[in-house]
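So you can see what is in the structure, the chains are spelled out below.
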Amino acid sequence: MNKETVLSGIRPTGFLHLGNYFGAMRNYVKMQDEYNCYFFVANWHSLTTHPDTKELRQAVNRVIAENIACGLDTEKVVLYVQSDVPEIAELYLYLNMLAYKGELEKTTTFKDKARTQPDNVNAGLLTYPVLQAADILIHRAVKVPVGKDQEQNLEMARNFAQRFNHRYGEIFPMPFAFNYGGELVKILSLDGNGKMSKSENQLATLYLADDDETIRKKILKAKTDAGPDVPNSIKPDYIENLFTLMQHVSSADTVKKFNDDFNNSSSGNCVIRYGDMKKQLAEDMIKFIQPIREKATELQRNTGLLNKIIAQGADKARSSASATIQLVRKAVLG
Ligand code: ADP
Ligand code: TRP
């Protein structure tokens, strides 16, 4: 039976964090046995917001190493760097003719970026979703494991694919966002301000490269409050986030204990001790991050092996990409 094709990418714009892990990489690892998987480092995409490329190569290597340290097996998946596959740029060119300025200007990410970097509202930023569509369609992928924030980009990829198929013939299947939980996961920043992200408050972001002491310090500083006013309250999102993290790294008994404590708390009778909860979470988080960090560091030191892995990924990715681009050229150019 033919396995379905899966694709996803991560931008090398900083250190990978728990949001990336639980929103993306954890799913990659689960998918590698069931699907025909392509995972890549989106270094072209990072140029839309990070034109200074002094640290780019190092960041690309780190993302590759961290993906492997998280459990991706390069014998099972194709793990590659976007710029090693020029066929993506060619497909981007054709798709750009099918993407309209009005719809691109309306996307949330473009509007956000135009606001945060008003001096550099470049055309690459505007056509970011077109390049992302090319990433996906070049392997004719149907499942795209990504976090919630990427749903709009996926919808645009389907629009471009549909327009292409309609005009030039059925080449592309429709790609959809994918997450095992059904609902897409979102990890919040530990300060309670928005999602955990590479570029936001670094003290409120847990990185896969953080050492034990840093992890402890960040978690102990995470935002909490005086506790719920009435039993069985709805949790504020920053508290819910601590429970989410705990569910991912602590034992079921531990989560149950703190959850029961929360539900039994009210003003004047606060059973839950957030200090204890954070201490427990910190220790469990250290056990979780430590092996990933150590494996990733070791791989980054072994540049010979890393370069070999990257070259092998490029070969495999190009063989799939060139099959698609030949169909596309024929369909568009005759
Ligand atoms: P960042 O926002 O930190 O720059 P990226 O945009 O490169 O991260 O995201 C890489 C992957 O990680 C995407 O699939 C994205 O949806 C996922 N992701 C990033 N941050 C989070 C988060 N806080 N919660 C869940 N998933 C996330
Ligand atoms: N835009 C994605 C992000 O910010 C990264 C990305 C680029 C991507 N190309 C992709 C994700 C293709 C999935 C598929 O997270």
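Note that the structure is a prediction, hence the values are computed from the model and not measured.

Enquirer: I keep staring at the site of ligand 1 and nothing clicks. Help me out?
Expert: Taken together, 17 residues form the shell around ligand 1, and within it H17, G147, D149, I187 and K198 come nearest. In this structure, H17 approaches ligand 1 through a side-chain N or O atom, which is 2.7 Å from an oxygen atom. With respect to ligand 1, the side chain of D149 contributes an N or O atom lying 2.7 Å from an oxygen atom. In the complex, the protein chains occlude 93% of the 540 Å² of accessible area that ligand 1 would expose alone. Of the residues that constitute the shell around ligand 1, the class distribution is five nonpolar, seven polar and five charged.

Enquirer: When you look at helix α12 (residues 252-263) in this model, what are you seeing that I'm missing?
Expert: In an α-helix, one full turn covers 3.6 residues, which means residues spaced three or four apart are oriented alike. Spanning 12 residues, α12 covers 16 Å between terminal C-alpha atoms, matching the ideal 16 Å at 1.5 Å per step. Taken as a whole, α12 has its buried residues at T254, V255, F258, D261 and F262. Buried residues of α12 fall within an arc of 130° about the axis and therefore sit on the same side. Facing away from the buried side of α12 by more than 90 degrees, the exposed set consists of A252, D253 and K256.

Enquirer: Got a minute to help me understand the domain arrangement of the protein in this structure?
Expert: Interface size, as often reported, equals the accessible area lost upon joining of the parts. As far as domains go, the protein holds domain 1 (5-185 + 302-333) and domain 2 (210-296). Domain 1 and domain 2 are separated by 33 Å when their C-alpha centres are compared. On the domain 2 side, the residues contacting the nine residues of domain 1 number nine residues. For the interface between domain 1 and domain 2, the tally reads zero salt bridges. Summed over the shared surface of domain 1 and domain 2, the result is zero residue pairs in polar contact (both at pLDDT 80 or more). Breaking the side of domain 1 that touches domain 2 down by element, the ones donating at least two residues are α1 (18-31) and α3 (56-69).

Enquirer: Which parts of the structure should I look at to understand the site of ligand 2?
Expert: The immediate surroundings of ligand 2 are formed by 13 residues, with H45, Y128, Q132, D135 and Q150 found nearest. At a separation of 2.7 Å, a nitrogen atom of ligand 2 approaches a polar side-chain atom of Y128. Within the side chain of Q132, an N or O atom sits 2.8 Å from a nitrogen atom of ligand 2. Here ligand 2 loses 88% of its free accessible area of 360 Å² to cover by the protein chains. At the level of elements, β1 (5-10) and α8 (128-137) are the ones that each hand at least two residues to the shell around ligand 2. Sorting elements by how many residues they give to the shell around ligand 2 places α8 first, with four residues. In the shell around ligand 2, the residues fall into seven nonpolar, five polar and one charged.

Here is what the cut-offs are and how they apply
- Residues numbered from 1 in each chain as written.
- Chains lettered and ligands numbered in written order.
- Predicted model: local features only at pLDDT ≥ 70, side-chain atom pairs only at ≥ 80, totals over all residues.
- Heavy atoms only, no water.
- Near = heavy atom within 4 Å.
- Polar contact = N/O pair within 3.5 Å; in protein donor to acceptor, adjacent residues only side chain to side chain.
- Areas by Shrake-Rupley, 256 points an atom, 1.4 Å probe, with all protein chains shown as cover.
- Nonpolar A, V, L, I, M, F, W, Y, C, P; charged D, E, K, R; others polar.
- Helix = DSSP H or I, 4+ residues; strand = E, 2+ residues; numbered from the N terminus.
- Expected span 1.5 Å × (residues − 1).
- Buried < 20%, exposed > 50% of the residue type's maximum accessible area, 1.4 Å probe, protein only.
- Arc of directions from axis to C-beta.
- Domains from an automatic or database assignment.
- Contact = heavy atoms within 4.5 Å.
- Salt bridge = Lys/Arg side-chain N within 4 Å of Asp/Glu carboxyl O.

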